[in-house]
Structure formats: C-alpha cells, structure tokens
Amino acid sequence: MVILRFCGAKRTALRSLRRWLVLPFWAGASVALAQPGIDAPMDEALARNMLNRFGFGATPASLVQATGMTPRQYVQRAISAGSTLAPAAADALNRLPITESVDEVWNRLGPGGYERTRAVDAQAKKQLQQTERQYLVAAVQARLLVMANSDNPGHEALLAFWLNHFSVFAPKSEVKLVAWDYVQALDRALRTDSFEELLRASFYSPAMQVYLDNAQSTASDSAAARLAARRGKDLGINENLARELLELHTLGVGGGYTQQDVQVLARIITGAGVYSPRMQERNLARAGAIRAGLFLFDPRRHDLGEKRFLGEFFPAGRGLGEIDRALHLMAVHPATAQHIAIKLARRFLSDDPPKSVVEAMSTAFLASGGRISSTLWPLLQSPEFALSLAQGSKFKEPADYLLSVARAACGDQPIINARLLAASLTDMGEAPLMHTTPDGYGMRESDWLSPAAMAKRVRLALGVAAGRVPLARGEDAGPSNSQSGPDAEMDRRRLLQGTACEIDGSALRRVVGPISDQTQAAALTLSPREQAGLLLASPDFMRR
Amino acid sequence: MLTRKQFLGWSASGLALPVLGAWAAEGPGSSDGRLIVVFLRGGLDGLFAVCPVSDPRLAELRPTLSRSVVDEGIRLGGSGFAAPPAFKAAAELYAASELAFAPCAGTTDASRSHFQAQDLFELGTGATHGSTGFMARAADMLARGRGAISFTREVPLVFQGGENVPQVAPLSGSGLKLPPSRLLDAVRSAHRGQRTGDALEQAIATEAEIESAMTTAMEVQASRGAPGAGTFSRVAATLAQVLRNNTRLALAFLDLGGFDTHANQEAVLTRGLGDLGAGLLTLKSALGEREWRRTRVVVMSEFGRTARENGTRGTDHGHGGLMLLAGGGVRGGRMIGDFAGLDEFRLNERRDLPVLVDWRSVLAACMGDALGLNSTALDRIFPGRPGQRLDI
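First, a word on what this report is: a plain description of the structure on this page. (Residues numbered from 1 in each chain as written. Chains lettered and ligands numbered in written order. Predicted model: local features only at pLDDT ≥ 70, side-chain atom pairs only at ≥ 80, totals over all residues. Heavy atoms only, no water.)

**A closer look at the overall build of chain B**
1) Next: Summing up its helical and strand segments, chain B has 14 helices and 11 strands in all.
2) Next: Counted over contacts in chain B with a minimum sequence separation of 6, partners at least 24 positions apart contribute 74%.
3) Next: For chain B, the accessible surface area stands at approximately 15,400 Å², while carbon and sulfur atoms represent 52% of it. (Helix = DSSP H or I, 4+ residues; strand = E, 2+ residues; numbered from the N terminus. Contact = heavy atoms within 4.5 Å. Areas by Shrake-Rupley, 256 points an atom, 1.4 Å probe, with all protein chains shown as cover.)

Take a look at the structure:
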C-alpha cells in the first residue's frame, strides 16, 4: 500500500504549476528581465519534470542538484556545459577505443590507409572488417554510457536532438571510423550556443561528407573530372548532400527553395570531401587544397563557374569561401528559423506544438542570429509548456524510455553495461547513430506507439524490476559480430549475464513521482517488488 | 452515344449515376481476395529494375548502369524492356502472365524529397499532410470481420488513423512474448482505456497467431533449402503462412529499405532486387496456388530516379518510377500505361520520367477487383483520385 503515498506528490506538482502560471505582484516592473516562470527556483516536482523533459529521467542526486535551479539556469547549463561521469562509468568509457586519435585511426584504416592497403587476402580483410566494426560499436556504446550516466542530462538530451537533426548512419562505409569524432564535433558546436556552428560542424565533418556521398561528388568540367575522363572514367556531381542540407538541415521541405537551388548548391559544395592518406601532400599543396582535420577542400573537384543560389549571386571562382557563404545564407534563412523552431517544439513541448509558441521561437531564432538558448526561452515561458510538464503528456521515445528505466532502477549506481543498452535500444529501433536515412528518428507518439513497442517496454520493465537485466555491469565479453544464427543466440544469452542494479523502493518512488489513480488501483494487490515493475511499466512512466 | 472514354471522364467528375459508377468499378474478380502492398523506401531506380533496353538513348544516358542488363538481361516479351539478371524472378513471373509493370507510375510529388514523397504515397489523398493513411481508410471499408496486418515494427503512416486498427507483426526481432502473470494483469489494467493499453492488448492477442505461424513457416523454409540473404526473402514464407492461416486478413503492408542508390547502384540493387524477386517467388510458393490466385501484390517506391546516371555510378532523386503488380489472378505479361521513351523532351524537366499512371489508379483498381469495393468506397479511400480508370 506504499504506493498510495504518491497522492501528495501529485498535489505538489499542481502547486508548482500554479506558481508557474501566476505572476507575482511585482512582476509588471521587471517582466522583461526576469520571467517568474523560468527565473524562479524549481521545487522538487518541477525539477523532476524538467529532468524528464530535458533529460532522461531523474535520479536522486540529479533531483537534488536541479532543485533550486531556475529553468533558465538548467537549460543554459544544458547548452554550455558538458557531462561528468562517476569514476566507474568514466573508466568504462575510457576502455572503449574512442580515446585513440581519429587521425591515426584514419591513417590506418581509412581509404588508402596503411592497414587497409596491406589487407589483401580474405582472412586479413575479414580481420579488417572486425576492427572497423569495433569503432562503430564503441561510438554507439560510448554515446549510451554518457547519456545514461550524465550529471548534466539536459546537455545529452539536446546533443541527442542535434545528432538526430544532422543524422548520420554510422555503419555506412568509413563513417564507422569517424562516428565518435562526429559526436564530439557536434558536442563542441552545441556549447557555442549557435545553430550556424552546429550546421558548420556537421557539414565540415568527414562523417557527413562520406554519409551523404559528397566526398565523391565532382564538378563535371573540373580538373579532376577531365583527368579521369582521359583515363576513361566518368566523374560527376552527386546531389545527395545538397538536397538534404536544404530539406532536412536548414530550410525544410516547403521552405521556398527550388530544384534549381538544389542543383546549384550541389555545384557549390563540390570539392568538399575527406583527406585520404593515399593523397600526396605535395600534390595537395600544389593544387591549393585546404585541410582542416580530416576535412579536405580540393579545388580540383570544385565547380569554378558563377552561380545563383537562394536568389544571391555567387561570382566565379571563389572556392571554399562560397561554401561558407552558402552555409551562412541557409543558417539565417527565415524558413530555417521556422523549421528549427517547430522541431525543437515537437521534441520538447508536444507532437503538434501550438503555432503561437513556434512563431515566438522562430522570431527569437532570427533576432538572435540562431542562438539555441534564445530560441528555447519562448518555449519555456509559454503557459503550454508549464501545462504539458505538469501533465507529462509526451510519449517517451525508446531512448527516453530505456534510459529512464535504467536511471530510475539504478538510482545513482553507475550503469556501465553499454552492450546491453545498445542491444536493447537497437531492438527497440532507436539506437544512436543507427538511423539509416538522413531524416533522423521520429519524435511523435505515432512514430513509436505500437503493439510490438509496448510488448518490449513491458518486458523490459518487468525484467528490470525482477533483477534479471544486468544494467550495472555485463559479463566481460569478446567482440560480438553476428546478427543472426547460433552465435546471436549465444550473444543474447550472454547479454543477460552480469550484475543488475539493486532497486531501492523509496528512491524509485521519489524519482518516478506522482502517478495516476488508475495505476495506484492496479498496484493494490502487488508485492513491493512487483510494484516496482508496475511503476516502470505504467502509462505514467511511459510519458514525460 | 457515350464513348467509353467520355463515360469514364464523367464518372470521375461525379456526374455519372451512382449505379453506373458501381458497375464500372466492380470487375469480374471476387470480393474475398487480398492486397499486399510492398513499399520500397528510398526511391527505387525503376529504369534499372525493368529497363527499356530497346530505347536508343539508353546507352548514352546510362553508360555503366545499362551494361549488364543489355548484355545479360532477360527480355520481357516484346515490350522492349528487360529485367537485369538479379531480378530474373520478375521475368519469370512476367512470362507466367502473373506480373504486369507500369514503367511511369508515381505520385503527384514535385519535391523529390524522400520523406514528403513517402508521406504523399502513404496518405493517398494527394496532400502531404493528413491524419489517415489510405490503407487505414481501406480497412474501414472492409466487410465485417475482415482485417488488416502491417508487417512492420511500428504502425506506418499508411495504416494510421483508422477505426479498424491493423495488427502489427514485426517479422524480425524478438517477437511479442509476454508470459501471463498477476503483474502483467496489473500492467494491463493500469493501461486500460488508453492508447498504450490498446496497443498492449493487441500485442497479447497477436502473439499467439504469429507464434504458431512462425513454427510452421520454419519447416516450410527449411524444406526449400537456405533462404536468400535479404530481409524480404527471409520473411516471405512466414508472412505467407500468417496470411494463409488468417484468411480474414484482406490488407497487408510491408516496407523494405535500401533503395536510395546515389552511388554504386549496380551492386546495391543487385542485392535489393535479388531479395525482392526471391521474396515474391517464395510468397507465391508458400501461399500455394489457390491463395496466390486470391492475392494481388503491388510493389512501388516513393519516386523514380534520374534518367541519366550521376557522377558516382548512381542516380539521384527523380519523379515517375516503376510499379509492379503481381499475383495468380492478375492479367500479367503486359505493360500498364505508357512509356514515352528517354528522349530529352519526353522526360519530366529533362531529368526524369513523367508520371503517366497515378499510384491511386492501380491501388484502387486492385481494391475494386480483389476486395469488392465499389467506386463510392474507392473515392473515400482516395479522395481526389484522377479520372483514369485501369482495368487490372
């Protein structure tokens, strides 16, 4: 009957909602500087809701930490500070091969890399594939370790949003080798609080250049194409990245650009690509190629003609400067403001966000030159946000659900079985860096609520509550390679060996917060352990 | 006197008497058939899958991508088209008069965006936004007791928003197993009356059906030797078994990915088309002759691709594309609609194929034929569909 105590917590939530909505008497004078909603310290109920909405659920320590902060402070910290992990989780992270320098990995295994060139027979090639795969697996696991154990979960939730906005499919060819580099590049850009920096970080990354085929795209009348033609090989334009830059990364479909703009942008970004160790420094220098990390701009592949893009004239022969200019034009375009505003609102407010809020966010985006924080303030200030927080109406995406189950069950014990997290989330369909198409994962209830999804969630919750899911620590395992067949069966069994988190009932109830009468009624005849399972599988806990 | 063409035009504009309208849509087919829609996400290059090898401009537009089909392709009768070696299954079905193809089919999409074009396809209204998909609306028009199934992980847009909720049966992954317990009962009761509860109840109900079908299908598969490498050919036998065991399932949907071939198209599509072809043949044999006759399979993608190959041995986003219609009872061995050739001025925006067959025309004709839906029902499923009526 312990569960009945939650009534009190529900009342607290409503009280804090009232406080958010009602302006104190002195507010009239200072309303432009300090908004009582987003500049008032949060009580525990509000802090819990914020940790659910901008984060992956509360833990006892994160709840204490966020209580007393204002929503503005919480989100500002989420944007500009990174995460610190507890020592055990940090150790697990450092054991993954993500600490190696990406230049070194590329020199070994990238196109023309020395290890790749040496691998000629079938056995060596197979070995090479396994090595490559380790970097992919490591990037996905590292990402999940950080998300699950972060002391600044708002940061990881925002980073997840941007990684999904500029989505790459890490298993594609050499993206595997640079997937973690991509995560870090977007992480650094997020901390500058600038959309344009995020766009630039994504564009100038080897991961995006390879993923959307731009590294191969070559202007048909360029020096490289003419050279290839003499050798009987046709090189030409590939408009994949150009189209997705406009459609997905910036203006959005219906953002007013034309097929002509797509084709011209494809010409503008020719020459952008990735350095390969097979290239000779001398030739690169002579050609005037520009390198930044693994990104390479090679004028020999670039279209040197004049262009007109989004109504602006681009004089002939400006090279890399043209790309910067095009990225800037797209970053500050009003259609981009609208597109980014609606996506942020969909993720952090509701599936169909009210026009007024999106409009205010879009205006703030434009006025601030694309600052992420400025774009989020109108959302945090809106009465709709306060209401939706109190109601917990957003259906959790699989990553939200899995990580919040893990965090709630483990309290503040480190969650270091990254293999299990990755396998579960792959099964649920939302593993980071694994969305095949460049549109990223959906954010709406209709994208995720299905019978299979419910079966998986309930099975996970009941397994965790019964202590059958070793989130705390997995069995130290060799490489896992196979997706099917007898090995996969063995892998699955091995996945379930290890140490589960010890659930502390009262801590769990505190981080879960208030629950509905219907869930309380369903809990009446259950044992305490079963009640924990019900809590994690409850409709209340499936929303944020 | 009214010519047939005039009649069809009038009927489409809503002027014909309802009784005539009904007559026009009810074909000779029975109403207890089924329609399986296979949606290829990513934009299949239709010109590669079923290639106009007789077109004089082919070699110029596609110097590398046309080579193997010209040399080793299998001709589809006297149509001037051929299937590449990897897609020989299509030629086999075509020769058996069980497959027809529309080389210039598609939607009204003008964006060449995957996501917009897929939404257009799935909504079936001609709009890019909306709350119900065309298969959800079709499911609502089915005779009492008949239902629909989606062989996908989630409920796709095509099945969203209707009253007759489809079963969802992912054919890969870990299934739906939830052993009964006191705790599970409590979870069910906590979710009762909510959307999450409906989904949970359905998972529990579907589980038994799928599980039993899986067991039998494994044996079928084993007796046919090793299954193909791709997804579809691997699951086709299970899918057929589920449909055989549940003849009330009149509508089925599944989607396959991996058709966005901007680079190295030949290798990617050799795998993709091999899988699709093997899957169709498995479906046919696992359904058995009688069930195969009741079945219409429509295969389509959100758009076709550029007529000209790009600089990386691939193709970029285009407009009109390939639509396949297969089944034991279809009038196969023929082309549906026109093909205007690859001359530059025949192409859409000098870039890709025009759409000469609206996707809704084929789907509506199949639904009329196999599900016995009359034109009033079809107009509700596809509001704003064009006047074009196809004889399937």
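**Notes on the overall build of chain A**
1) Next: Scanning chain A from N- to C-terminus turns up 31 helices and 7 strands.
2) Next: For a compact globule of 544 residues, the expected C-alpha radius of gyration is about 24 Å, and chain A comes in at 25 Å, within 12% of that figure.
3) Next: The dimensions of chain A, computed from C-alpha atoms along their principal axes, are 80 × 65 × 40 Å.
4) Next: Relative to its 544 residues, chain A shows a buried fraction of 57%.
5) Next: Restricting to contacts in chain A with at least 6 residues of sequence separation, those with at least 24 account for 74%.
6) Next: If you sum the accessible surface of chain A, you get close to 21,200 Å²; carbon and sulfur atoms cover 55% of it.
7) Next: Within chain A, the 54 negative side-chain charges are centred at a point lying 1 Å from the centre of the 62 positive side-chain charges. (Rg over C-alpha atoms; globule rule 2.2 N^0.38 Å. Buried < 20%, exposed > 50% of the residue type's maximum accessible area, 1.4 Å probe, protein only. Lys, Arg positive; Asp, Glu negative; His and termini not counted. Charge placed at Lys NZ, Arg CZ, Asp CG, Glu CD.)

**Topic: the side chain of Thr250(A)**
Residues and elements named next belong to chain A.
1) Next: Examined against the element boundaries, Thr250 turns out to sit in the loop between helix H16 (240-249) and helix H17 (259-268).
2) Next: With relative accessibility at 0%, the residue Thr250 sits in the buried group.
3) Next: Here Leu245 takes part through its backbone oxygen, which lies 2.8 Å from a polar atom of the side chain of Thr250.
4) Next: Not counting the four nearest positions on each side in its chain, Thr250 is found in contact with Phe195, Leu199, Leu245, Met330, Ala335, Thr336 and His339. (Polar contact = N/O pair within 3.5 Å; in protein donor to acceptor, adjacent residues only side chain to side chain.)

**Points about the packing of helix H11 (residues 231-245) of chain B against helix H12 (residues 265-294) of chain B**
Residue and element names in this part refer to chain B.
1) Next: Packing of H11 against H12 leaves a shortest axis separation of 7 Å and a crossing angle of 20°. When the axes of H11 and H12 are compared, the pair comes out roughly parallel. Considering the relative orientation of H11 and H12, their crossing is right-handed. Across from Thr231, Phe232, Ser233, Ala236, Ala237, Leu239, Ala240, Leu243 and Arg244 in H11, the residues of H12 making contact are Asp275, Leu276, Ala278, Gly279, Leu280, Thr282, Leu283, Ala286, Leu287, Gly288 and Glu291.
2) Next: Looking at the contact of H11 with H12, its residues break down into 12 nonpolar, 5 polar and 3 charged. (Axes fitted to C-alpha atoms, helices over the stretch in contact; angles between N-to-C directions. Parallel < 35°, antiparallel > 145°, perpendicular 65-115°, else oblique. Left-handed = near helix turned anticlockwise from the far one by under 90°. Nonpolar A, V, L, I, M, F, W, Y, C, P; charged D, E, K, R; others polar.)

**A word on the state of the cysteines**
1) Next: On inspection of all chains with the given rule, the structure shows 1 disulfide over all chains.
2) Next: Bridging Cys410(A) to Cys501(A), the disulfide has an S-S length of 2.0 Å. On the sign convention where negative is left-handed, the bridge of Cys410(A) and Cys501(A), at about 95° about the S-S bond, is right-handed. Of this pair, Cys410(A) sits in helix H24 (residues 398-410) while Cys501(A) sits in the loop between strand E7 (498-499) and helix H29 (505-512); the two residues are 91 residues apart in sequence, bridging distant segments of the chain.
3) Next: Of all cysteine sulfurs, the one in Cys104(B) lies closest to Cys51(B), which takes part in no disulfide; the gap is 13 Å.
4) Next: When its relative accessible area of 1% is taken as the criterion, Cys104(B) is described as buried. (Disulfide = S-S within 2.5 Å.)

**Re a positive patch on the surface**
Residues and elements named next belong to chain A.
1) Next: A contiguous patch of positive charge on the surface is contributed by Arg226, Arg230, Arg231 and Lys233.
2) Next: Tracing the chain through its elements places Lys233 in the loop between helix H15 (223-230) and H16.
3) Next: Accessibility expressed as a relative area gives 44% for Lys233, which makes it partly exposed. (Patch = residues over 30% accessible without salt bridge, like charges linked within 9 Å, V, L, I, M, F, W, Y side chains within 5 Å. Salt bridge = Lys/Arg side-chain N within 4 Å of Asp/Glu carboxyl O.)

**Remarks on the sheet that holds strand E3 (residues 295-297) of chain A**
Residues and elements named next belong to chain A.
1) Next: If you trace the 3 strands from one edge of the open sheet to the other, you get E1-E3-E2, paired in antiparallel fashion. A single partner strand is all that each edge strand has here, and the edge strands are strand E1 (272-274) and strand E2 (290-292). Direction aside, neighbouring strands of the sheet carry axes that sit 30° apart on average.
2) Next: Alignment of E2 against E3, held across 3 bridges, turns out to be antiparallel. Counterpart to Ile290 in the pairing with E3 is Phe297. (Pairing = 2+ DSSP bridges.)

**Comments concerning the pattern of salt bridges**
1) Next: Applying the stated criterion to the full structure yields 45 salt bridges over all chains.
2) Next: The closest approach of N and O atoms between Arg108(A) and Glu100(A), which form a salt bridge, is 3.3 Å.
3) Next: Assessed through its relative accessible area of 14%, Arg108(A) is described here as buried.
4) Next: A salt bridge links Asp358(B) to Arg360(B); the shortest N-O distance between them is 2.9 Å. Of the two residues, Asp358(B) and Arg360(B), both sit in the buried class.
5) Next: One network of salt bridges, with partners in common, ties together Glu239(A), Arg243(A), Arg112(B), Glu349(B), Arg351(B) and Asp352(B).

**With respect to the environment of Ala59(B)**
Residues and elements named next belong to chain B.
1) Next: With respect to the helices, strands and loops of the structure, Ala59 is situated in helix H4 (residues 58-61).
2) Next: Judged by relative accessible area, Ala59 falls into the exposed class, the value being 51%.
3) Next: Linking Ala59 and Glu344, residues 285 residues apart in sequence, is a C-alpha distance of 14 Å.

**Looking at the interface of chain A and chain B**
1) Next: Contact with chain A, which involves 53 residues of that partner, is made by 45 residues of chain B.
2) Next: Here chain A packs against chain B, burying approximately 3,900 Å² in sum over the two surfaces, 55% of which is carbon and sulfur.
3) Next: With a closest N to O distance of 2.4 Å, Arg182(B) and Glu530(A) form a salt bridge.
4) Next: In this assembly, chain A and chain B are joined by 20 residue pairs in polar contact (both at pLDDT 80 or more).
5) Next: Of all the secondary-structure elements, those providing two or more residues to the side of chain A that touches chain B are H16, H17, helix H25 (418-428), helix H26 (445-448), helix H27 (451-465), helix H30 (517-523) and helix H31 (528-537) of chain A. (Buried area = accessible area lost by both parts, 1.4 Å probe.)

**Let's talk about the packing of aromatic side chains**
Residue and element names in this part refer to chain A.
1) Next: For the coordinates displayed, the defined rule picks out 22 aromatic pairs over all chains.
2) Next: Consider the rings of Phe161 and Trp162, whose centres lie 4.9 Å apart with planes at 90°: the pair is edge-to-face.
3) Next: You can call Phe161 buried: its relative accessible area is 5%.
4) Next: When the ring of Phe161 is compared with that of Phe348, the centres are 5.9 Å apart and the planes differ by 45°; the resulting orientation is tilted. With a gap of 187 residues between them, Phe161 in helix H11 (residues 153-165) and Phe348 in helix H20 (residues 334-348) connect regions that are remote in the sequence.
5) Next: The class for Phe348 is buried, based on a relative accessible area of 0%.
6) Next: An aromatic cluster of at least three residues, connected via ring pairs, comprises Phe54, Phe161, Trp162, Phe166, Phe195, Phe348, Phe365 and Phe385.
7) Next: Arg291 extends its terminal NZ or CZ atom over the ring of Tyr275, reaching a point 3.6 Å from the ring centre.
8) Next: We note Arg325 situated over the ring of Phe314; from NZ or CZ to the ring centre the distance is 4.2 Å. (Phe/Tyr/Trp six-rings, centres within 6.5 Å; stacked < 30°, edge-to-face > 60°. Lys NZ or Arg CZ within 6 Å of the ring centre and 35° of its normal.)

**Quick word on H29(A)**
Residue and element names in this part refer to chain A.
1) Next: Of the residues making up H29, those classed as buried are Leu508, Arg509, Val511 and Val512. An end-on view of H29 places all buried positions within 170° of arc, on one side of the element.
2) Next: Where H29 begins, the capping side chain belongs to Asp504, and its oxygen is found 3.1 Å from the backbone nitrogen of Ser506.
3) Next: Phi turns positive, to about 85°, at Gly513, one or two residues after H29. (Arc of directions from axis to C-beta.)

**Points about the packing of H20(A) against helix H22 (residues 372-381) of chain A**
Residues and elements named next belong to chain A.
1) Next: At a minimum axis separation of 11 Å, H20 and H22 run at an interaxial angle of 50°. What the angle tells us is that H20 and H22 run oblique. With respect to the hand of their crossing, H20 and H22 are arranged in right-handed fashion. When H20 is examined against H22, the residues Leu344, Ala345 and Phe348 are found in contact with a partner set consisting of Thr375, Leu376 and Leu379.

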